[in-house]
Amino acid sequence: MLFEGGLTGPSPVDRARIGSKHHLLVDAAGLPLAVALTGGNRNDVTQLLPLVDGIAPVPGKVGRPRQRPDRIVADRGYDHDNYRRELWRRGVKPAIARRGTEHGSGLGRWRWVVERTFAWLHNYRRLRIRWERDPVVHMAFLTLACALICQRCLRGF
């Protein structure tokens, strides 16, 4: 049984059952850079800018650390002209599939990295189905899973 709690909402794809969404920003290798949790009824595009702004500079490197990625590759759920303009204003080139166009935009050769990272996240049973009422606890498990993914990648699996 799925408990109702904070940051939940009726899912538009699961017969309006209460649920949550994980939003993830990864690098080219699939390492999580930023993660967010929202209700199942929230639009994906609303989390685009908070994810981009949530990337912290890498400390300890010599020189000026990069603050933002050069390019963002996203699926149709993130297509909105205002958000595209905001990304350009932040110095990030958006590569986002347009809504209403045929599939086969060519972004799949980069999007699979994100989908693979989601699969890694959902290998942790605690994240596959949300059982916690408190969103802070679920976010803590989500952050811990991201840290474990980073540790595995650094160790070389």
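In every chain, residue numbers begin from 1 and rise along the written sequence. Given that this is a predicted model, residues contribute local features only at a pLDDT of at least 70 and side-chain atom pairs are listed and counted only at 80 or more, while totals for whole chains, interfaces and linings are drawn from all residues. Note that water and hydrogens are dropped before the side-chain values are worked out from all heavy atoms of the structure.

Q: Just checking my understanding: could you explain the pattern of salt bridges for this structure?
A: Oppositely charged side chains can form a pair if their charged atoms are brought close together. The rule for a salt bridge is simple: a side-chain nitrogen of Lys or Arg has to be within 4 Å of a carboxyl oxygen of Asp or Glu. Enumeration according to the criterion identifies 8 salt bridges in this entry. Between Arg90 and Asp53 there is a salt bridge; the shortest N-O distance is 2.9 Å. Placement of the pair is Arg90 in the loop between helix H2 (81-89) and strand E5 (93-96) and Asp53 in helix H1 (residues 48-53), with a sequence separation of 37 residues. Under the scheme applied here, a residue whose accessible area is under 20% of the maximum for its type counts as buried, over 50% as exposed, and between as partly exposed, the area being computed with a 1.4 Å probe on protein chains only. Taking the relative accessible area as the measure of exposure, Asp53 reaches 38% and is therefore partly exposed. A salt bridge links Arg84 to Asp79; the nearest nitrogen and oxygen atoms lie 2.9 Å apart. Of the two residues, Arg84 and Asp79, neither departs from the other in class, the shared state being buried. Secondary structure elements follow DSSP: runs of H or I no shorter than four residues count as helices, runs of E no shorter than two count as strands, and numbering proceeds from the N terminus.

Q: Help me out: how do you make sense of the environment of Ile18 in this one?
A: Looking at the secondary structure, you find Ile18 in strand E2 (residues 18-26). In this structure, the C-alpha to C-alpha distance between Ile18 and Gly40, residues 22 residues apart in sequence, is 6.9 Å.

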